[in-house]
Amino acid sequence: MTKKIISIAVLIFIYSTQNEIRAVTLNQIDDFEDTSLQTAGWRIGLSSLAIRNITTGGPDGTNDNFLQYTSSGGGGRGSRMVFFNQDQWQGNYVAAGINAIRANIKNLHGSTPLKVRVALGDSSTSPGCGTSGGSWFISSNSLDLSASGDWLEVTFSLAEKDLTRISGNSSYTDTMSSVRELRILSQTSNANPSVCGDSISGIIGLDNITAITQIPACSITALTSGTQSLCNPATNTYTQDIKITYKDPPATGMLDINGQLFDIDRSSSSITTTHTLTNLTANGQTVNVTAFFTADQSCSNTTSFTSRADCTNSPPAIDLDADDSSGSSGSNFQTIFSLGGNPVDLADGIGITDVDSSNLITSAAITLTNALDSGLEFININTALANSLGIAVAVSSNSQSLTLSGTASRDHYEMILETAQYQNLNFGSSLTNRTVSFTVNDGLDASPLATTTIIIQNGTLEELMTTFLPACRKRVAMDSFHRTQLKYLSGRMSFQAC
Ligand SMILES: [Ca+2]
Ligand SMILES: [Ca+2]
Ligand SMILES: [Ca+2]
Ligand SMILES: [Ca+2]
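What counts, and where the lines are drawn
Residues numbered from 1 in each chain as written. Chains lettered and ligands numbered in written order. Predicted model: local features only at pLDDT ≥ 70, side-chain atom pairs only at ≥ 80, totals over all residues. Helix = DSSP H or I, 4+ residues; strand = E, 2+ residues; numbered from the N terminus. Contact = placed C-beta atoms within 7 Å. Pairing = 2+ DSSP bridges. Core = buried A, V, L, I, M, F, W, Y, C linked by C-beta atoms within 7 Å. Buried ≥ 20, exposed ≤ 12 C-beta atoms within 10 Å, placed from the backbone. Axes fitted to C-alpha atoms, helices over the stretch in contact; angles between N-to-C directions.

Our focus in this paragraph is the environment of Asn424. Among the structural elements, Asn424 can be located in strand 29 (residues 421–424). With sequence-adjacent residues up to four places away left out, Asn424 is seen in contact with Phe337, Leu339, Asp373, Leu376, Glu377 and Ser429.

And the structure:
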């Protein structure tokens, strides 16, 4: 008799417990517009202002109520980002045909990112951290909510393949047939699933929490090519806009377009947007484009476009005697300098060419490559003319190299470089040939060097008389410079001067 009474008592207990389960229904929605319902049964276990109904600022804007929960971080009550419902979200999800939960969701914290999941258990005494009560399943992958994000419309799959068992032994189907509690939480780790929620300082907003029958299949309904940038000659690359339309993207992952990743816009179920593919190599070929979601590669689409043509820069070229009138072919030039004589020109009719650039040069350089008489031997140029054409001239301290800078036409650079001259005031200098190199730059590449060879020869008496003596007479002091000249002259000609 005693045994029978106990059995009846147990049956009554089971019956009453099952009766307590509310019947979740397909398409039920928590929109938080009825403020008499407060938080619509969503709570954190203790009466607290941490979770509450906010009367404006939901996804529909002004006067759209939503649910907001603030976790404090640290330890103790309200420290973790987790809250739950044991009211209208209890029931038989299998019988109701509920396979997913859709919601509008927002991270309101401003700096703490959230990794949101749902968890369902068949025990209303839900497992605490490290303890177990009933069978529980949680989203295998989190929905990443960046800090200070916008309202998103997201879908949490309740499919078996998308959930991970946390505790208990009941089958997935049995558990989903008698759900006693639905949790929403942020948990960073995929590897250690729990329903505890992370202990973080966070603020989350939710609205329109809806029981739906299936996750809408994602789709990329349109993919077309848009604006194409010009080719950059410095890198031979360009950019290409891709216009894309997609619907119901996966709750996790990114959008992949030809290996370049883009954030998915989940602000509404259907999105049309433009992404820019960058750093594409210009080669004039057809480019096939494939776009897909990293979390569901079955959602994809393709298109194609034609690449920009190769725009690799061709360097400019400089010829120091364009018409070869000096008898030297190619880009070089040759001249003779007589010791004691006048300065000599380093070019004769310069020609600058560039097959692919606009008619502009940005810089040039002239260098005496093998000076032997430092301080007495130098090159120069008509700096005043250069400056008048907007070109700056930098002269090295030994006057053996000149750097011209400033964007100007090829004609103007030709005109200025044409004034380059060589001079040597050491009348007893070595007769070794000197070489002077020229180069011009189109802003991207320098031309090959063109070279003037200077043949050094002894000056004639006439040159010495006309060049040396007038200069000598101006000197009162016998500095080392003049002594060198006198030594040379007396040695060769017994010439008394100065
Ligand atoms: Ca609302
Ligand atoms: Ca060029
Ligand atoms: Ca030539
Ligand atoms: Ca010429």
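Reading across the sheet, the three strands line up as 23-29-26 and stay open at both edges, with antiparallel pairing between neighbours. At either margin of the open sheet sits one strand with a lone partner, and together these are strand 23 (344–345) and strand 26 (377–380). The sheet contact formed by strand 23 and strand 29 spans two bridges and is antiparallel. Bridge pairing in strand 29 places Asp345 opposite Gln421.

For the rest of this paragraph, the subject is the nonpolar core. Counting residues in hydrophobic clusters, the biggest one holds 50 residues, and the most contacted among them are Phe83, Ile101, Ala119 and Leu158. Broken down by element, the residue count for this core peaks at five residues, all from strand 7 (residues 114–121). The contacts of Ala119, once residues within four sequence positions are left out, are Trp136, Phe137, Ile138, Ile166, Arg183, Leu185 and Val195. Ranked by size, the runner-up nonpolar core spans 32 residues in total, among them Phe337, Ala347, Leu417 and Val436.

Our next topic: the sheet that holds strand 30 (residues 434–441). If you trace the six strands from one edge of the open sheet to the other, you get 22-31-30-25-28-27, paired in mixed fashion. Two strands lie at the open edges of the sheet, namely strand 22 (333–338) and strand 27 (392–395), each paired on one side alone. Averaged over all neighbouring strand pairs, the angle between strand axes comes to 15°, with direction disregarded. Alignment of strand 30 against strand 31 (residues 450–457), held across five bridges, turns out to be antiparallel. Residue pairing for strand 31: Arg434 is matched across the bridge by Ile454. Across the sheet, helix 5 (residues 410–417) touches strand 25 (360–368), strand 28 (401–409) and strand 30, and the angle it forms with strand 28 is around 155°.

As far as function goes, none of this settles anything; it's purely spatial.
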